[in-house]
Amino acid sequence: MGDFHCVREPNERKNSKLNPQQAEDFNQFIRTVCLLEYALFGYSFTHRSDDGQRFSKIDRALVCYSFLSNWPTAKLTGLPRYRSDYQPLLLVCSDEYFAAPPFLFFNSWLKEEELAGIVKNMYAGVRGFNPPDKLMGRRLKAIKLVIKPWCRNINRRNCEIVADLSKKVEELDLKAESAALSENLKQWAKAKWVTEGDENSALFHGFIKGHQKHNRINGLNFNGVWISQPDMLKEEIKQYFEGLFKETNKNRPLFSNNAFKVLFAEQSSIWVKCFSKEEIKEAVWECGGDKALGPDGFTFSFIKHLWDTLEPDFVTVLDYFYVHGTLNRGCNSSFIILAPKSNNPPHISEFRPISLIGCISKILANRLKQVISHLKTDTQTTYVEGRSILEGSLIVNELVSWAKKSKGKMLLFKVDFEKAFDSLSWEFLDSILSQMGFPALWRSGSWVYYHRQDHPFL
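Quick caveat, the model's predicted, so the values are computed rather than measured.

Visitor: Any chance you could explain the overall build of the protein chain here in plain terms?
Guide: A tally of helices and strands in the protein chain yields 18 helices and 14 strands. Summarising the internal contacts of the protein chain: among those between residues at least 6 apart in sequence, 67% fall at separations of at least 24. Approximately 28800 Å² of the protein chain is accessible, and the part contributed by carbon and sulfur atoms is 55%.

Laid out in structure tokens, this is it:
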């Protein structure tokens, strides 16, 4: 930790020249010795020139995987510099309790033969709860309670296997120094360690801790005040997004456009038909196997692996949703993540909330794909399958160049994407969908309106 007199990226300098070769050599050194860097909070730069015009980030904290494993939640904060040219840095290794980490199922456990039997027995043993979404929630909760001690035993066994294999590899290496050793034997021992010990190696856990460090929000600046206390930080974030998504103007003029493309009757019928087993399975299989979208911690690989056991409940729950247009509170919970718009953002306005969709949203999105091509206009360049959003910028550049050369007149309308897409009036959206022929059941009668109510900010 200290002054390395070198930067890693162009954005770590302001009003000063970057030496690309020096930055590449520094990054190569960090990669070679397997170091990780703690993100700097509070300030973007650590040094400024005497005239106050040039800024650089040349001070940083680089740690090894072992250090990160012991203090994964440590935070590096810049302090006021007062009369110095350098920003003092404070590395705090004490852990601040934000919340209990949620249970997470590891896909490697699916290789254990006894897992399927444990799930089936526990699943069949939970009965008598209504409605069906509550029953399914109870069953998954019961499975989690049984799996937790079983997982601890699996981890303990794997650690013993790793320790034993590591000892054998060490013994073989020592023998190889004094006598010829079968290459096949050495290869088998090391391959076995890689296979069995990958998830228990320090390197593997170092990557996990590094990912957690990158995603963790240790503090943010609210109205010039740096807040890092967990309770205060969560409350400030909640109030910010509640205010951002609150609709203050209720008296909006009705927007009517007769030029909208409208769905045909047979296209509208696609939206409100019953959910089929094939449709449900397709939505599940399209989701990444490593993803766990809800607080129950079960990944889609777990669901796919035990689909024969879980499928009847999925079908029953979606039949219930089709009839009632809602699920009981907590039965369709999902995480909302704050995705940063830049590296190490100091303000909450530089984060974008993203809700991790579940199975029902995926089914509705798949139905939308079947008719969306009919609704798009000839001049539309975004949200079209097979096209990149950057193509719009390229077309604008070509049009501007053409207008300049031909001395023609043109009108450019620049849209603030944050204001245009981060918040949207539900009444306005419902009115537009109605004019385009979307059925009331799918639109505001039940389904989409239910997903709106299921999230606290909307």
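Now that the structure has been shown, the text picks up again.
Visitor: Help me understand the packing of aromatic side chains in this model?
Guide: Within a pair of aromatic rings, the relevant descriptors are the distance that separates the centres and the angle that separates the planes. Applying the stated rule across the entire model yields 13 aromatic pairs. The interplanar angle of 45° and the centroid separation of 6.3 Å between the aromatic rings of Phe105 and Phe298 together place this pair among those described as tilted. Taken together, the residues Phe105 in the loop between strand 10 (89-92) and helix 3 (114-125) and Phe298 in the loop between helix 9 (277-285) and helix 10 (300-305) connect sequence positions 193 residues apart. An angle of 25° between the planes, with centres 4.5 Å apart, marks the rings of Phe298 and Phe302 as stacked. Exposure class is identical for Phe298 and Phe302. Each is buried. One aromatic cluster in this structure is built from Phe105, Trp109, Phe298 and Phe302. Across the ring face of Tyr123, the terminal group of Arg139 is positioned such that the distance to the ring centre comes to 4.9 Å.

Visitor: Looking at this structure, how should I read helix 9?
Guide: Two residues of an α-helix separated by three or four positions point the same way, owing to the 3.6 residues in each turn. Those residues of helix 9 lying buried are Glu279, Ile280, Ala283 and Val284. Projected onto a plane normal to the axis of helix 9, the buried residues spread over an arc of 135° and lie on a single side.

Visitor: Help me out: how do you make sense of the nonpolar core in this one?
Guide: General note: in soluble globular proteins, nonpolar side chains tend to be found buried as a group. Counting residues in hydrophobic clusters, the biggest one holds 46 residues, and the most contacted among them are Phe105, Ile147 and Phe302. Elements with a contribution of two residues or more to this core: helix 3, helix 4 (132-178), helix 8 (265-271), helix 9, helix 10, helix 11 (307-324), helix 12 (359-369) and helix 16 (426-435). The element contributing the most residues to this core is helix 11, with 8 residues. Those residues in contact with Phe302 that lie beyond four places of it in its chain are Phe105, Asn107, Leu110, Val119, Ile143, Ile147 and Leu310. Ranked by size, the runner-up nonpolar core spans 10 residues in total, among them Leu220, Ile237, Ile348 and Phe351.

Visitor: What should I look at first to understand the pattern of salt bridges in this one?
Guide: A side chain with one charge can pair with a side chain of the opposite charge if their charged atoms come near. Tallied over the entire structure, the rule returns 9 salt bridges. Where Glu24 meets Arg31, a salt bridge forms, and the shortest distance between an N and an O atom there is 3.1 Å. Between Arg367 and Glu279 there is a salt bridge whose closest N-O contact spans 2.7 Å. Of this pair, Arg367 sits in helix 12 while Glu279 sits in helix 9; the two residues are 88 residues apart in sequence, bridging distant segments of the chain. An identical accessibility class is assigned to Arg367 and Glu279; each is buried. One salt-bridge network, in which partners are shared between bridges, spans Arg8, Glu12, Glu37, Lys57 and Arg60.

Visitor: Would you mind showing me how to read the sheet that holds strand 4 (residues 40-41) here?
Guide: Strand pairs in the sheet, formed through backbone hydrogen bonds, run parallel or antiparallel to each other. Read across the sheet, 3 strands follow the order 4-9-10 without closing on themselves; strand pairing throughout is mixed. A single partner strand is all that each edge strand has here, and the edge strands are strand 4 and strand 10. Summarising the sheet, strand 4 and strand 9 (residues 75-78) pair through 2 bridges and their orientation is parallel. Its bridge partner lying in strand 9, Leu40 is registered against Leu76.

Visitor: Would you explain unusual backbone geometry in this entry?
Guide: At His5, a residue that is not glycine, the phi angle is positive and equals roughly 55°. Relative to the assigned elements, His5 resides in the loop between strand 1 (2-3) and strand 2 (13-14). Residue Asn15 is not a glycine yet carries a positive backbone phi of 60°. Mapped onto the elements of the fold, Asn15 is located in the loop between strand 2 and helix 1 (20-32). Judged by relative accessible area, Asn15 falls into the exposed class, the value being 56%.

Visitor: Looking at this model, I keep getting lost on the sheet that holds strand 2. Mind explaining?
Guide: Strand order in the open sheet made by the 3 strands is 2-6-5, with antiparallel pairing throughout. In this open sheet, the two edge strands, each paired with only one partner strand, are strand 2 and strand 5 (47-48). Pairing between strand 5 and strand 6 (residues 55-56): 2 bridges, direction antiparallel. Counterpart to Arg48 in the pairing with strand 6 is Phe55.

Visitor: What's the story with the pairing of strand 9 in this structure? I'm lost.
Guide: Look at any regular strand and the pattern is simple: side chains alternate between the two faces of the sheet. The two faces of strand 9 match: Lys75 and Thr77 on one face and Leu76 and Gly78 on the other face are all buried. Pairing geometry for strand 9 and strand 10, over 4 bridges, is antiparallel. Paired with Lys75 across the bridge in strand 10 is Val92.

Visitor: Looking at this structure, I do not really get the packing of helix 9 against helix 11. What am I missing?
Guide: When two helices pack together, their arrangement is given by the angle between the helix axes and by the axis-to-axis distance. Running from N to C, helix 9 and helix 11 point in directions that differ by 115°, and their axes come no closer than 10 Å. Helix-helix and strand crossings are classified by hand; for helix 9 and helix 11 the assignment is right-handed. Here Lys277, Ile280, Lys281, Val284 and Trp285 of helix 9 come into contact with helix 11, specifically with Trp307, Glu311, Phe314, Val315 and Leu318. Of the residues contributing to the contact of helix 9 with helix 11, the split by class is 7 nonpolar, no polar and 3 charged.

Visitor: Looking at this model, I keep getting lost on the side chain of Ser431. Mind explaining?
Guide: Tracing the sequence through the fold places Ser431 in helix 16. In this structure Ser431 comes out as buried when scored by relative accessible area, which is 17%. Setting aside residues no more than four positions away along its own chain, Ser431 makes contact with Leu254 and Phe255.

Parameters at a glance
Residues numbered from 1 in each chain as written. Predicted model: local features only at pLDDT ≥ 70, side-chain atom pairs only at ≥ 80, totals over all residues. Heavy atoms only, no water. Helix = DSSP H or I, 4+ residues; strand = E, 2+ residues; numbered from the N terminus. Contact = heavy atoms within 4.5 Å. Areas by Shrake-Rupley, 256 points an atom, 1.4 Å probe, with all protein chains shown as cover. Phe/Tyr/Trp six-rings, centres within 6.5 Å; stacked < 30°, edge-to-face > 60°. Buried < 20%, exposed > 50% of the residue type's maximum accessible area, 1.4 Å probe, protein only. Lys NZ or Arg CZ within 6 Å of the ring centre and 35° of its normal. Arc of directions from axis to C-beta. Core = buried A, V, L, I, M, F, W, Y, C linked by side-chain atoms within 4.5 Å. Salt bridge = Lys/Arg side-chain N within 4 Å of Asp/Glu carboxyl O. Pairing = 2+ DSSP bridges. Axes fitted to C-alpha atoms, helices over the stretch in contact; angles between N-to-C directions. Left-handed = near helix turned anticlockwise from the far one by under 90°. Nonpolar A, V, L, I, M, F, W, Y, C, P; charged D, E, K, R; others polar.

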